[in-house]
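# Commentary on secondary and tertiary structure
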Amino acid sequence: MTRAKRPRSIHRRLRSAYLFLAGLLAVPTVLLLLFLLPTTARYHRHISYIADARDIVELSGARLESELWDIVAGNQAFADGGQTRIMDEVSGRLDRLLYETETYESRQQVQAAARLVETLDGYISQLGAPAYRHSAMYSDEQMLREIRSVSALLHTVLQEYIYIEIGVIADINGRLRSSAIAITLLAGLLLLAILTLAIDSCRAVQRDIQQPIGRLETMAGQLAAGHLEARAAPPAVTELDALTQSLNAMADQLGELIDSRIADQRSLRKAELRTLQAQITPHFIYNTLDTIVWLAQQKEHEAVVDITMALTQFFRISLSGGSDYITVDRELSHVESYLKIQAVRYESIMRYRIDVEDELRKYQILKLLLQPLVENAIYHGVKKKRGRGLITVTGRHNPDHTMTFTVADTGIGMTAERLAEIRAGLDSDDAPRAGFGLYNVSRRIRLYYGGPGLRIESAYRSGTSISFTIPCQTE
């Protein structure tokens, strides 16, 4: 069994999408922080190393030589010269290079430069020593040449260091360029992915909004068209859940109200139709009693007994203990009792025949469906035709488990105009002024069985056939 997908809030979905997109956008920044910034910092350090080396070359070159020349030329005293400060600054910068230099080749050059600086510092110290100043072995010019030689060698070592560092910087620069290209490509791919995800998210949100609204619109149209069973499925977003539930609840209430209204209308129709039945019964009783009186006056005692027994049977079945349904067999007995009564009155103009399949007699039928049709055949068919007429009551079982009953007469029939008028009256919701017996039967069939009601076929001076079809039902 698959679980129903829980609805999600549009707000939460959008917030999740925004956070996800923000995370993707942060990837290039993180990469910059992790790769480019350390590499760039290293690049700048090596640039500063080269700057320090150049400063050492400048300090140990022209500036130092200028200070020493003034001392050798006697322009200033050794103690007043700036050579000590220059050498301290040179030593300090070399110490920094020695401490921070990364590559092995550069470190070797720095170490060699440090040894040369120590030698240079020793020569400068000797130049200022009193014992040296009064020695005849070396002249000041010779010492200055030694210092220049050591200084030149120092410059050569530092130039080699600068050359090595330039190579390191070139390598770092290549890495920076490759990293920048890679990060640019990655940023482009991420941007494409972000655009794709943003479009998909927009489409998903649009779909999750449009589809439920479309279903609600379809449901509203179906309800307007009378399809009260229409319901909207739960939406994929919680914002539309309350609206969907309210509309479904409204549809449920609408269906209940309509069902209640239909039930009330059915009860009203039943009451109206029973009233019509009551209007028919007194007319028949008056005529039958009048016939009994006439037979008694004519001293037709056996006929009086027969018609009285038939009338008793007729009323016994008509009442049926208040039940609306009786068996087909009892309904046929009821019709036969009615025909026996009427045959006494209209013996000279009426014959009848009942032809119903025996297998139908066990099924249930709404009572008083056939008798009004037989009565109509007598009073509006046979009685209005000169000569003797035949009334036939038939019942047939159909393959779809229904049964069709037909009351046919060879009476006067109806014109096409009259037939159309009768049919229109049966289809109307208002009872007609005439022919309410047929209308009563047709409406009862529609009300109780949901069928099409009565079907009438007639031809003027040839007769009329009225039939109906109902399902085969047992108790």
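One structure accompanies this document, and this report is about it. Quantities reported herein were computed from a predicted structural model and do not represent experimental measurements. Residue indices begin from 1 for each chain and proceed along its sequence in written order. Where totals are concerned, whole chains, interfaces and linings use all residues; where local detail is concerned, this predicted model gives features only for residues with pLDDT of at least 70, and gives and counts side-chain atom pairs only at 80 or more. Calculated side-chain values reflect all of the structure's heavy atoms, with hydrogen atoms and water omitted.

### Thoughts on the packing of helix α8 (residues 328–345) against helix α9 (residues 370–382)
When two helices pack together, their arrangement is given by the angle between the helix axes and the distance between those axes. Each axis is a line fitted through C-alpha atoms, taken for helices only over the stretch in contact, and angles between the N-to-C directions span 0 to 180 degrees. Numbered from the N terminus, helices here are DSSP runs of H or I no shorter than four residues, and strands are runs of E no shorter than two. Interhelical geometry of α8 versus α9 gives an angle of 25 degrees and a closest axis separation of 9 Å. Judged by the inter-axis angle, α8 sits roughly parallel to α9. As α8 runs across α9, the sense of the crossing is right-handed. Side by side, α8 and α9 meet where Glu331, Leu332, His334, Val335, Tyr338, Leu339, Gln342 and Arg345 of the first sit next to Leu370, Gln371, Val374, Glu375, Ile378 and Tyr379 of the second. Here the nonpolar group is Ala, Val, Leu, Ile, Met, Phe, Trp, Tyr, Cys and Pro; Asp, Glu, Lys and Arg are the charged ones; every other residue, Gly included, is treated as polar. By residue class, the composition of the contact of α8 with α9 is eight nonpolar, three polar and three charged. Reported orientations rely on four angle classes, namely roughly parallel under 35 degrees, roughly antiparallel over 145, roughly perpendicular from 65 to 115, and oblique for the rest. By definition, turning the near helix anticlockwise from the far helix through less than a right angle yields a left-handed crossing, and turning it clockwise yields a right-handed one. Two residues form a contact once any of their heavy atoms are found within 4.5 Å.

### What about α8?
Given 3.6 residues per helical turn, the α-helix brings residues three or four places apart onto the same face. Taking 1.5 Å of rise per residue, 18 residues should cover 26 Å, and α8 covers 26 Å from first to last C-alpha, within 8% of that figure. Listed in full, the buried residues belonging to α8 are Val328, Glu331, Leu332, His334, Val335, Ser337, Tyr338, Leu339, Ile341, Gln342 and Ala343. Residue count minus one, scaled by 1.5 Å, sets the expected span of a helix. Exposure is judged per residue with a 1.4 Å probe applied to protein chains only, and the accessible area is read against the type maximum: over 50% gives exposed, under 20% gives buried, and values in between give partly exposed.

### A closer look at the environment of Leu295
By the element assignment, Leu295 lies in helix α6 (residues 241–297). Residue classification places Leu295 among the buried residues on the basis of a relative accessible area of 4%. Between the alpha carbons of Leu295 and Val344 there is a distance of 9.1 Å; along the sequence they are 49 residues apart. Among residues more than four places away in sequence, those in contact with Leu295 are Glu300, Ala303, Val304, Ile307 and Val344.

### Focus: the packing of aromatic side chains
Stacked, edge-to-face and tilted are the three classes for Phe, Tyr and Trp ring pairs, Trp counted by its six-membered ring, which pair at centre distances within 6.5 Å; planes under 30 degrees apart are stacked, over 60 edge-to-face, the rest tilted. Applying the stated rule across the entire model yields four aromatic pairs. Between Tyr325 and Tyr449 the ring centres are 6.4 Å apart and the planes differ by 90 degrees, which places this aromatic pair in the edge-to-face class. Linking Tyr325 in strand β1 (residues 325–327) with Tyr449 in helix α11 (residues 436–449), this pair joins segments that are 124 residues apart in sequence. Since its relative accessible area comes to 28%, Tyr325 is described here as partly exposed. Taken together, the ring pairs in this structure connect Tyr325, Tyr448 and Tyr449 into an aromatic cluster.

### Re the pairing of strand β7 (residues 463–471)
Looking at chain direction, strand β5 (residues 402–409) and β7 are connected through eight bridges and run antiparallel. Along β7, the bridge assignment pairs Met403 with Ile470. When strand β6 (residues 455–459) meets β7, the two strands line up antiparallel, connected through five bridges. Bridging across to β7, Ile456 finds its partner in Ile466. Any two strands between which DSSP finds at least two bridges are classified as paired.

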